[in-house]
Amino acid sequence: MTAGALAISAVLVAGGCSSSKDSEKPAAPKAVSQTEIDAAMNTPTTLDFWTWVPIQDEIKLFEQKYPKIKVNVINNADASQQYVKLRAALKARKGVPDVAQIGYDRLPSFTQTKSLLDLTSYGAANLKSQYVESIWSQVEQNGGVWAIPQDSGPLGTLYRSDIFKKAGVETPKTWADFVTAAQEIKSKTGAYVTNLPGNDMPQLLAYFSQAGASPFSYDGKQTVGVNVDSAIPQKVVGYWQDLISKGLVSTDPDFTDAWYQGLSRGKYASWLAAAWGPVFLQGTAKNTSGKWSVATLPQWEAGQNVSANWGGSSDAVMAGSQHPIQAYMLAKFINGDPASTLKLANDQFLFPTTKSTLADPKFTDEKAPFYGGQQVNKLFAGVSGTVAQNQQWLPFMDYANSAYDETLGKAISDHADLKAALTAWQKKLVDYAKQQGFTVK
């Protein structure tokens, strides 16, 4: 489940310093031929695959196509548990899987330690046209292809149509409209227009992205960019500061019992959620079935059509795999074969990353009774193509998250000065990066 990918790992990545020799660009590896691939896929092999998704049906499809290859699936409870175990195995150089599910935001922390296999020589770059551009840019970084996209989280608006109707407001087209709606909803229904949690850095980073910000960057070697305290993030937090100070937006921690109850009891008139949110909400607030609708995200300027991504993961081949060809073919099949990707979408509720599945009527045409019969998948499939291609990540996102919790996240929860907290977060990140041997730009 993508929400699990938002959990935080307490294990930090080792230092970022590299020698001048390490910084030299190595010779490009020889491309693997189709003959080599055919031979490998006809050689009896067992692969270890670590994931937090119940993916056995997709594995069966793979094993049916390649009967000489057997896959041993190890399911971990969630992303944070898997990252801890994976880093421990890498450190011990023992028990490392051939393929591992890794969130997009964590990929740089594994490429920085040279733990992932560059899939370019295996033909991965040729898959680019099959995937949504903004998501492919998450796995193709610094001259390499480090994983195959599995799922994504384009951002939209889930809203209580009954509360909006009672307040006499339309679905907000712009963030200015959102403020107007917030005022009417509060005065006429007592509900908050939405909730801004202080414990969810990925959601706020998605808001930054939609507004046009790229607060992080990493060159794959020893240089990182940290620009959280810049003009666009300042504008975004200033916007939310105004709503919070006027009592129009709540700041409850999300994915907690109180937050679930708030969704069920109409405390929040909307949830600005990723594409994995609609199914999650159906299970969380069953008593509100038929009262919700889905729309695109409000825009900063009228006429714009820009979204952002919140969450999502990929399947990466570990650099130490003794069966790199078979491991690559497993990641490629699961996340590229039409039957497999449709199962991931319809059975595991992972939002698709391939253009073919996003256009498949078996996925898009389903009408959701919980949302008044809307074709929710079709709406988010359209949103997927509008996601800004500006999200990059630091090789120490674990620390970035904990530093966020201590600064900006705390300020949101405490209704304190968000711009000052943004400055404090920037300083923590820069200081930490330098301590770890990175050059900061």
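Student: I would appreciate a short explanation of the side chain of Thr45 in the present structure.
Tutor: Relative to the helices and strands, Thr45 is located in strand 1 (residues 45–51). A distance of 3.1 Å separates polar atoms of two side chains, one belonging to Thr45 and the other to Gln326.

Student: Looking at this model, I keep getting lost on the pattern of salt bridges. Mind explaining?
Tutor: Pairing between side chains of opposite charge can happen when their charged atoms approach one another. A complete count under the given rule lists 14 salt bridges for this structure. A salt bridge links Arg106 to Asp105; its shortest N-O distance comes to 2.6 Å. Judged by relative accessible area, Asp105 falls into the buried class, the value being 14%. The partner of Glu184 in a salt bridge is Lys188, and the shortest N-O contact between them spans 3.0 Å.

Student: Any chance you could explain the packing of helix 10 (residues 231–245) against helix 20 (residues 418–435) here in plain terms?
Tutor: Two numbers describe a pair of packed helices, the interaxial angle and the distance between the axes. The geometry of helix 10 relative to helix 20 is characterised by a closest axis approach of 9 Å and an angle of 140 degrees between their N-to-C directions. Classified by the interaxial angle, the pair formed by helix 10 and helix 20 is oblique. The two elements helix 10 and helix 20 cross, and the hand of that crossing is right-handed. Here helix 10 contributes Pro233, Gln234, Val237, Gly238, Gln241 and Ile244 to the contact with helix 20, which in turn contributes Leu418, Lys419 and Leu422.

Student: How should the packing of aromatic side chains be read in this particular structure?
Tutor: Each aromatic ring pair is described using two quantities: the centre-to-centre distance and the angle formed by the ring planes. Counted by the stated rule, this structure contains 36 aromatic pairs. Taking the centre distance of 5.1 Å and the plane angle of 80 degrees together, the rings of Trp259 and Trp271 count as edge-to-face. Of the two residues, Trp259 is situated in helix 11 (residues 257–264) and Trp271 in strand 11 (residues 270–274); the sequence distance between them amounts to 12 residues. Ring geometry for Tyr404 and Trp425: centres 5.1 Å apart, planes at 70 degrees, overall edge-to-face. Residue Tyr404 is found in helix 18 (residues 397–406), and its partner Trp425 is found in helix 20; the two are separated by 21 residues along the sequence. An aromatic cluster is defined as three or more aromatic residues linked by ring pairs; in this entry it consists of Phe255, Trp259, Tyr260, Trp271, Trp276, Phe280 and Trp310. Looking at Lys186, its charged tip hangs above the ring of Tyr192, at a distance of 3.7 Å from the centre. We note Lys235 situated over the ring of Trp300; from NZ or CZ to the ring centre the distance is 4.4 Å.

Student: Can you walk me through helix 2 (residues 34–41) in this structure?
Tutor: Because an α-helix completes one turn every 3.6 residues, residues spaced three or four positions apart along the sequence face the same direction. The set of residues buried in helix 2 consists of Ile37, Ala40 and Met41. Projected down its long axis, helix 2 carries its buried residues within an arc of 90 degrees, all on one side. Those residues of helix 2 that are buried lie in contact with strand 1, helix 3 (56–65), strand 2 (69–75) and helix 13 (324–334).

Student: Please clarify how empty space enclosed by the protein should be interpreted in this entry.
Tutor: To find leftover empty space, one rolls a probe the size of a water molecule over the atoms. In total, this model carries 4 cavities of 30 Å³ or more according to the counting rule given. Quantified by volume, the second largest cavity comes out at close to 70 Å³. Contributing to the lining of the second largest cavity are Leu205, Ser209, Ala213, Ser214, Pro215, Phe216, Asn390, Gln391, Gln392 and Trp393. Partitioning the lining of the second largest cavity into residue classes produces 5 nonpolar, 5 polar and no charged.

Student: It is not clear to me how unusual backbone geometry should be interpreted in this structure. Could you clarify?
Tutor: Most peptide bonds take the trans form, and the phi angle of most residues other than glycine is negative. Located in the positive-phi region is Lys114, a residue other than glycine, with phi close to 55 degrees. Take Lys114: its relative accessible area is 56%, and that puts it in the exposed class. Unusually for a residue other than glycine, His415 sits at a positive phi of about 55 degrees. If you trace the backbone, His415 turns up in the loop between helix 19 (408–414) and helix 20. Judged by relative accessible area, His415 falls into the partly exposed class, the value being 44%.

Student: Please clarify how the environment of Gly153 should be interpreted in this entry.
Tutor: Looking at where Gly153 falls in the secondary structure, it is placed in strand 6 (residues 148–160). Sequence separation between Gly153 and Ile135 is 18 residues, and the spatial gap between their C-alpha atoms is 9.6 Å.

Student: How do you make sense of the pairing of strand 2 when you look at a structure like this?
Tutor: Look at any regular strand and the pattern is simple: side chains alternate between the two faces of the sheet. Where strand 1 lies against strand 2, 7 bridges are found, and the strand directions are parallel. Bridge pairing in strand 2 links Leu47 to Val71. In this fold, strand 1 hands off to helix 3, which returns the chain to strand 2; that crossover is right-handed.

Student: What is the right way to read the sheet that holds strand 9 (residues 223–226) from this model?
Tutor: For sheets, the rule is that strands pair by backbone hydrogen bonds, running either parallel or antiparallel. The strand order 8-9-14 describes an open sheet built from 3 strands, whose pairing is mixed. Two strands in the sheet have a free side with no partner beyond their single neighbour: strand 8 (216–218) and strand 14 (439–440). Taken together, the 3 bridges between strand 8 and strand 9 define a ladder with antiparallel strand orientation. The residue of strand 9 that forms the bridge with Tyr218 is Val224. The sheet contacts of helix 20 involve strand 8, strand 9 and strand 14, and relative to strand 9 the element is tilted by about 175 degrees.

Cut-offs applied
Residues numbered from 1 in each chain as written. Predicted model: local features only at pLDDT ≥ 70, side-chain atom pairs only at ≥ 80, totals over all residues. Heavy atoms only, no water. Helix = DSSP H or I, 4+ residues; strand = E, 2+ residues; numbered from the N terminus. Polar contact = N/O pair within 3.5 Å; in protein donor to acceptor, adjacent residues only side chain to side chain. Salt bridge = Lys/Arg side-chain N within 4 Å of Asp/Glu carboxyl O. Buried < 20%, exposed > 50% of the residue type's maximum accessible area, 1.4 Å probe, protein only. Axes fitted to C-alpha atoms, helices over the stretch in contact; angles between N-to-C directions. Parallel < 35°, antiparallel > 145°, perpendicular 65-115°, else oblique. Left-handed = near helix turned anticlockwise from the far one by under 90°. Contact = heavy atoms within 4.5 Å. Phe/Tyr/Trp six-rings, centres within 6.5 Å; stacked < 30°, edge-to-face > 60°. Lys NZ or Arg CZ within 6 Å of the ring centre and 35° of its normal. Arc of directions from axis to C-beta. 1 Å grid on protein atoms, 1.4 Å probe; cavity = no way out; pocket = protein on both sides within 12 Å on 5 of 7 lines; lining within 4 Å. Points joined across faces, edges and corners; volume = space filled by probe spheres on them. Nonpolar A, V, L, I, M, F, W, Y, C, P; charged D, E, K, R; others polar. Pairing = 2+ DSSP bridges. Right-handed = clockwise from strand over helix to strand, strands pointing away.

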